[in-house]
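Survey of secondary and tertiary structure
Each chain, written out:
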Amino acid sequence: MPNRLGIGSMSLGRPGIHDLPGKLHQASRYGYEGIELFIDDLDHLARTDFDGCNIAAAHEVRRLCDALHLSIICLQPFGFYEGLLDRSQHEYLVTQKLPHWFRLAHILNTDLIQIPSNFLPPDPTTHLPRTTGDPALIVADLQRVADLGAAQSPPLRFVYEALAWGNHIDTWEACYAVVERVNRPNFGICLDSFNLAGRVFADPASPTGTTPTAHADLRASLARLRSTVDVAKVFYLQLVDAERLAAPLDTRHPFHVPGQPPRMSWSRNARLFPFEEHRGGYLPVVDVARAFFDLGFEGWVSLELFSRTLADPDPSVPEAHARRGYESWRKMVEVLELEGPAPPRALLEGSEVASELKSSKSSAAVALEVQHRL
């Protein structure tokens with residue numbers, strides 16, 4: 001089965017600045033087959049067009065995606081869930097919020113809900129933690145949602161992702177260990193090049209932009225990935241790079257947010273698509289992606305980019321990001337010798353980007369050479 005290209009809905013423009021229907025149209029024009037639908041986009045469409053009803057908004061998104069031949073890869077993020085110390089909040093999420101998400105997922109014709117690892121900050125009043133790293137509780141919480149999803153008609157799956165700034169689960173190794181212990185066929189892992197390399201290789205708070213033993217640690221982590229991960233547990237991939245910052249992300253940096261981990265602030269402002277070294281990209285994305293595909297993965301590959309550029313009110317932002325993402329994936333296909341994407345509709349329409357899309361073999365080869373030196 002060939003890999004299928006997707007992109008996050010928030011990776012084409014910020015909700016409230018760029019409308020979801022317009023972003024879906026640009027995704028379709030540039031050859032994407034799937035969308036990771038962010039709940040923020042759905043909620044904004046509900047507020048602006050459907051009197052706050054996101055059930056009605058979900059029906060409209062489904063209608064649009066069907067017309068544009070787009071699949072919804074997943075609905076996300078079902079966040080701040082696992083390991084909560086406040087068990088009343090846990091019960092609210094399971095008994096009130098989750099059933100609504102099940103309904104939304106069925107309307108959207110997706111069978112997948114994404115759960116990012118918990119990064120809930122300490123209680124602002126008591127400064128005490130609000131999550132636990134107790135593996136038994138984390139696993140039990142995730143088994144509960146998996147079992148509830150499996151009981152739906154049709155059944156629903158969950159995909160767990162380690163965020164590089166997660167409170168307790170911040171590496172793919174820790175995430176995969178949880179997936180194995182949950183031990184449910186409808187519960188898998190999302191492997192993300194940014195969150196992997198952004199944790200084991202990069203450090204935006206360092207003057208070098210990397211951890212002290214970045215190269216050795218990355219090689220060891222990717223070797224473990226190749227020898228450990230069962231590809232059947234990988235529900236989809238995310239491929240993305242990030243900027244090497246000109247100055248450490250400390251309290252003086254413009255991206256700094258009090259109480260927010262530097263890797264989170266960096267992620268929110270400075271992700272890039274792969275092969276955008278001219279924009280400052282420096283993560284070893286090709287090496288990470290090669291390890292993912294060496295597992296034998298075939299399926300959804302999503303480009304999940306967050307960036308300050310998405311908040312630009314210029315109406316051309318969704319098209320620009322759709323084009324950049326498509327160019328990035330085309331280069332990745334060439335470098336890793338994957339099955340190539342069909343020309344996007346924007347190119348067939350005679351878009352002005354046609355000449356740009358013809359001539360990047362040399363840049364991809366240069367990027368590959370750089371990655372091999374890491």
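Figured I'd write up the structure that's included with this text. (Residues numbered from 1 in each chain as written. Predicted model: local features only at pLDDT ≥ 70, side-chain atom pairs only at ≥ 80, totals over all residues. Heavy atoms only, no water.)

Overview of the overall build of the protein chain
To keep it simple, the criterion reads: Each helix corresponds to a stretch of at least 4 residues labelled H or I by DSSP, and each strand to a stretch of at least 2 residues labelled E; elements are numbered beginning at the N terminus. To get the radius of gyration, use the C-alpha atoms; to get the globule rule, take the number of residues to the power 0.38 and multiply by 2.2 Å. Think of it in three bands: residues with accessible area under 20% of the maximum for their type are buried, residues over 50% are exposed, and the middle band is partly exposed, with areas taken using a 1.4 Å probe on protein chains only. Contact criterion: two residues are considered in contact whenever any of their non-hydrogen atoms come within 4.5 Å of each other.
Each helix and strand counted, the protein chain has 14 helices and 10 strands in total. For 374 residues, the compact-globule formula gives about 21 Å, and the C-alpha radius of gyration of the protein chain, at 20 Å, lands near that figure. C-alpha extents for the protein chain along the principal axes are approximately 55 × 50 × 45 Å. Burial analysis of the protein chain (374 residues in total) assigns 55% to the buried set. Taking contacts inside the protein chain between residues at least 6 apart in sequence as the whole, the part at least 24 apart equals 80%.

Focus on the nonpolar core
The condition is simple: In this text, buried Ala, Val, Leu, Ile, Met, Phe, Trp, Tyr and Cys residues form a nonpolar core when linked through side-chain atoms within 4.5 Å.
Core analysis: the largest hydrophobic core is formed by 109 residues, its most contacted members being Val-61, Tyr-160, Trp-266 and Leu-283. A total of 9 residues in this core trace back to one element, the largest contributor, which is helix α4 (residues 87-108).

Some words on the pairing of strand β6 (residues 187-192)
Rules: Paired strands, as defined in this entry, are two strands with at least two bridges between them according to DSSP.
Among the 6 residues that make up β6, 6 are buried, leaving the element largely enclosed by the rest of the structure. Pairing of strand β5 (residues 157-161) with β6, which is carried by 3 bridges, proceeds in the parallel orientation. Bridging across to β6, Phe-158 finds its partner in Phe-187. Pairing analysis gives 4 bridges linking β6 to strand β7 (residues 234-238), with the strands arranged parallel. The partner of Cys-190 across the bridge, within β7, is Tyr-236.

What about the pattern of salt bridges?
Cut-off, in case you're wondering: Salt bridges are counted wherever a side-chain nitrogen of Lys or Arg sits within 4 Å of a carboxyl oxygen of Asp or Glu.
Taken as a whole and judged by the stated rule, the model has 20 salt bridges. A salt bridge links Asp-141 to Arg-87, with the nearest nitrogen and oxygen atoms 2.6 Å apart. Pair noted here: Asp-141 is in helix α5 (residues 135-150) and Arg-87 is in helix α4, with a separation of 54 residues, a long-range link. Of the residues examined, Asp-141 reaches a relative accessible area of 2% and is grouped as buried. Through salt bridges with shared partners, one network takes in Asp-192, Arg-271 and Glu-304.

Quick look at the layout of surface pockets
Our working rule: Space inside and on the surface of the protein is sampled on a 1 Å grid over the protein atoms alone, with a cavity defined as a set of points where a 1.4 Å probe fits but cannot get out and a pocket as an open set with protein on both sides within 12 Å along at least 5 of 7 lines; lining residues have an atom within 4 Å of a point. Grid points are joined across faces, edges and corners, and a volume is the space filled by probe spheres set on the points. Amino acid classes used here: Ala, Val, Leu, Ile, Met, Phe, Trp, Tyr, Cys and Pro are nonpolar; Asp, Glu, Lys and Arg are charged; the rest, including Gly, are polar.
Size it by volume and the largest pocket reaches roughly 510 Å³. If you trace the largest pocket, you find 24 residues lining it, with Phe-38, Pro-77, Phe-119, Arg-268 and Phe-306 closest to the centre. When residues of the lining of the largest pocket are traced back to their parent elements, those giving at least two are α2 (39-49), β4 (112-116) and α9 (262-270). Along the lines of polarity and charge, the residues of the lining of the largest pocket split into 11 nonpolar, 6 polar and 7 charged. What the second largest pocket holds in volume is close to 310 Å³. In this structure, the second largest pocket is lined by 18 residues; those nearest its centre are Gly-31, Tyr-32, Glu-33, Pro-341 and Ala-342. For the lining of the second largest pocket, the per-class residue count stands at 9 nonpolar, 5 polar and 4 charged.

Points about the side chain of Glu-82
The criterion, for reference: In this charge count, Lys and Arg are treated as positive and Asp and Glu as negative; neither His nor the chain ends contribute. Between N or O atoms, a polar contact is any pair within 3.5 Å; within protein, one atom must be a potential hydrogen donor and the other a potential acceptor, and residues adjacent in sequence are included only when both atoms are from side chains.
Following the sequence through the fold, Glu-82 ends up in the loop between β3 (71-76) and α4. Despite being buried, Glu-82 has no salt bridge partner; Arg-87 is the closest side chain of opposite charge, sitting 9.4 Å away. Here the side chain of Glu-82 touches Tyr-160 through a polar contact of 2.8 Å, side chain to side chain. Setting aside its immediate chain neighbours within four residues, Glu-82 contacts Ile-115, Pro-116, Ser-117, Asn-118, Ile-138, Asp-141, Leu-142 and Tyr-160.

Examining the state of the cysteines
For clarity, the cut-off: Two cysteine sulfur atoms form a disulfide, by the criterion used here, when they sit within 2.5 Å.
According to the stated counting rule, one finds 0 disulfides in the structure shown. Unpaired in terms of disulfides, Cys-65 finds its nearest cysteine sulfur in Cys-74, a separation of 12 Å. Given a relative accessible area of 2%, Cys-65 falls into the buried group. You can see Cys-175 has no disulfide; the closest cysteine sulfur is in Cys-190, sitting 8.3 Å from it.

A short note on helix α11 (residues 317-336)
To be explicit about the condition: How far a helix is expected to stretch is found by multiplying one less than its residue total by 1.5 Å.
Across its 20 residues, α11 extends 29 Å between first and last C-alpha, which sits within 8% of the 28 Å expected from 1.5 Å per residue. Within α11, 17 of the 20 residues are buried, which leaves the element mostly enclosed by the surrounding structure. Immediately beyond the C-terminal end of α11, within one or two residues, lies Glu-337, with a positive phi of roughly 55 degrees.

Quick word on the environment of Ser-206
Among the secondary structure elements, Ser-206 is positioned in the loop between α7 (193-200) and α8 (214-228). Residues Ser-206 and His-278, spaced 72 residues apart in sequence, show a C-alpha to C-alpha distance of 21 Å. A polar contact is formed between the side chain of Ser-206 and the side chain of Thr-208, at a distance of 2.9 Å.

Regarding empty space enclosed by the protein
Under the criterion given, the structure shown has 4 cavities of 30 Å³ or more. Reported here for the largest cavity is a volume of approximately 70 Å³. As for the largest cavity, its lining consists of Glu-161, Ala-162, Trp-172, Cys-175, Ile-189, Cys-190, Leu-191, Asp-192, Asn-195, Leu-196 and Phe-292. Split into classes, the residues belonging to the lining of the largest cavity amount to 8 nonpolar, 1 polar and 2 charged. If you add up the space inside the second largest cavity, you get close to 50 Å³. Every residue along the wall of the second largest cavity is listed here: Asp-203, Pro-204, Ser-206, Pro-207, Gly-209, Arg-244, Leu-245, Ala-247, Pro-248, Trp-266 and Tyr-282. Grouping the constituent residues of the lining of the second largest cavity by class yields 7 nonpolar, 2 polar and 2 charged.

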